[in-house]
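This is what each chain is made of:
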Amino acid sequence: RLSLPILGVGAAAVTSFAKFEKLELSLKALAEEGEDTGETLKRLQEIAQLPGINLDQAANASAQLRTVGFEAAQAEQILIGLSKAVTLSSKGPEQLGAVVKQLVQMSAKGRILQEDLGVIVENVPSIGIALEDAFGSQNIEAIRNTGISAQAFTGEIIKAISVNEKFQKATGGLSNEFDNFGQAVQFSLSTLGKSIAESINLSGILQKLSGFLSRVTQAFSDLSPSTQKFIIVTALAAAAIGPLLLG
């Protein structure tokens, strides 16, 4: 009776491990020289405990920011700052993702445009406070006239968030605690899944199974149409007659 629940937990653990392994591999692809991606993932897990962001989003947002020139530490500080801004605005992961997208687009274009800033403030209004603190204005022309680059613009916003007391007081409450509990369960399952996968060499088993299925498929494809039809009809007949014989 216990076997099915145990198998279910085992399957969930392996699935969770596969998900975390995929995240770590994507981090390795973007790693700077000498970077410990295991430590990077741990820092992203800590960021994922903050309100308004989960681990998938933290890893994906970090990757997006790094592809346009931000270093790992800079990307992490941006996510920490945006989490505070999202919380102060009573928004969530969707809005945080929208802001990251616009910041990435600005850096890629190398220009600070009103349309990008409009989307940012619309999704997370409290960023307007950071703009006033950093530049004394939300007027895009005035900000652009300072000659600031798109990346430096992002840095100034995050710096303003980090020193403004309103942002520091913003907390996620019980909702964030529930989110963190769910993530803690996933982290634990991932650790268990890694042990299971390594102990039975799951990767090797899946590779062998994949190869076997490919060979069977190819062998069936190589048969003549009449032989294929005979096999299919025989299998269907067996499936239909079997229950009758047992009944």
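Being a predicted model, the structure only gives us computed values, none of them experimental.

Student: What is the right way to look at the layout of surface pockets in this model?
Tutor: If a probe as big as a water molecule is rolled over the atoms, it shows which places are left empty. Estimates place the volume of the largest pocket at around 270 Å³. Around the largest pocket, the lining residues are Phe17, Phe20, Glu21, Glu24, Leu25, Lys28, Leu41, Gln45, Phe187, Ser190, Thr191 and Lys194. For the lining of the largest pocket, the secondary structure elements donating two or more residues are helix H1 (3-30), helix H2 (37-47) and helix H11 (173-199). Element by element, the count of residues in the lining of the largest pocket is highest for H1, at six residues. For the lining of the largest pocket, the class distribution of residues is five nonpolar, three polar and four charged. For the second largest pocket, the calculated volume is near 190 Å³. Lining the second largest pocket are Val14, Phe17, Ala18, Glu21, Lys194, Ala197, Glu198, Asn201, Leu202, Ser203 and Leu206. Those elements giving two or more residues to the lining of the second largest pocket turn out to be H1, H11 and helix H12 (202-222).

Student: Any chance you could explain unusual backbone geometry here in plain terms?
Tutor: Across residues other than glycine, the phi torsion is negative in most instances, and most of the peptide bonds are trans. The phi dihedral of Ser90 is positive, around 55°, even though this residue is not glycine. By secondary structure assignment, the location of Ser90 is in the loop between helix H4 (72-88) and helix H5 (93-109).

Student: Looking at this structure, I do not really get the packing of aromatic side chains. What am I missing?
Tutor: Two numbers describe a pair of aromatic rings. These are the distance of the centres and the angle of the planes. Overall, the coordinates contain one aromatic pair when judged by the stated rule. Measuring from ring centre to ring centre gives 5.6 Å for Phe135 and Phe153, while their planes differ by 20°; the resulting arrangement is stacked. In this pair, Phe135 is assigned in helix H7 (residues 127-135) and Phe153 in helix H9 (residues 150-163), connecting sequence segments 18 residues apart.

Calculation rules
Residues numbered from 1 in each chain as written. Predicted model: local features only at pLDDT ≥ 70, side-chain atom pairs only at ≥ 80, totals over all residues. Heavy atoms only, no water. 1 Å grid on protein atoms, 1.4 Å probe; cavity = no way out; pocket = protein on both sides within 12 Å on 5 of 7 lines; lining within 4 Å. Points joined across faces, edges and corners; volume = space filled by probe spheres on them. Helix = DSSP H or I, 4+ residues; strand = E, 2+ residues; numbered from the N terminus. Nonpolar A, V, L, I, M, F, W, Y, C, P; charged D, E, K, R; others polar. Phe/Tyr/Trp six-rings, centres within 6.5 Å; stacked < 30°, edge-to-face > 60°.

Any functional reading would require information that these geometric values do not contain.
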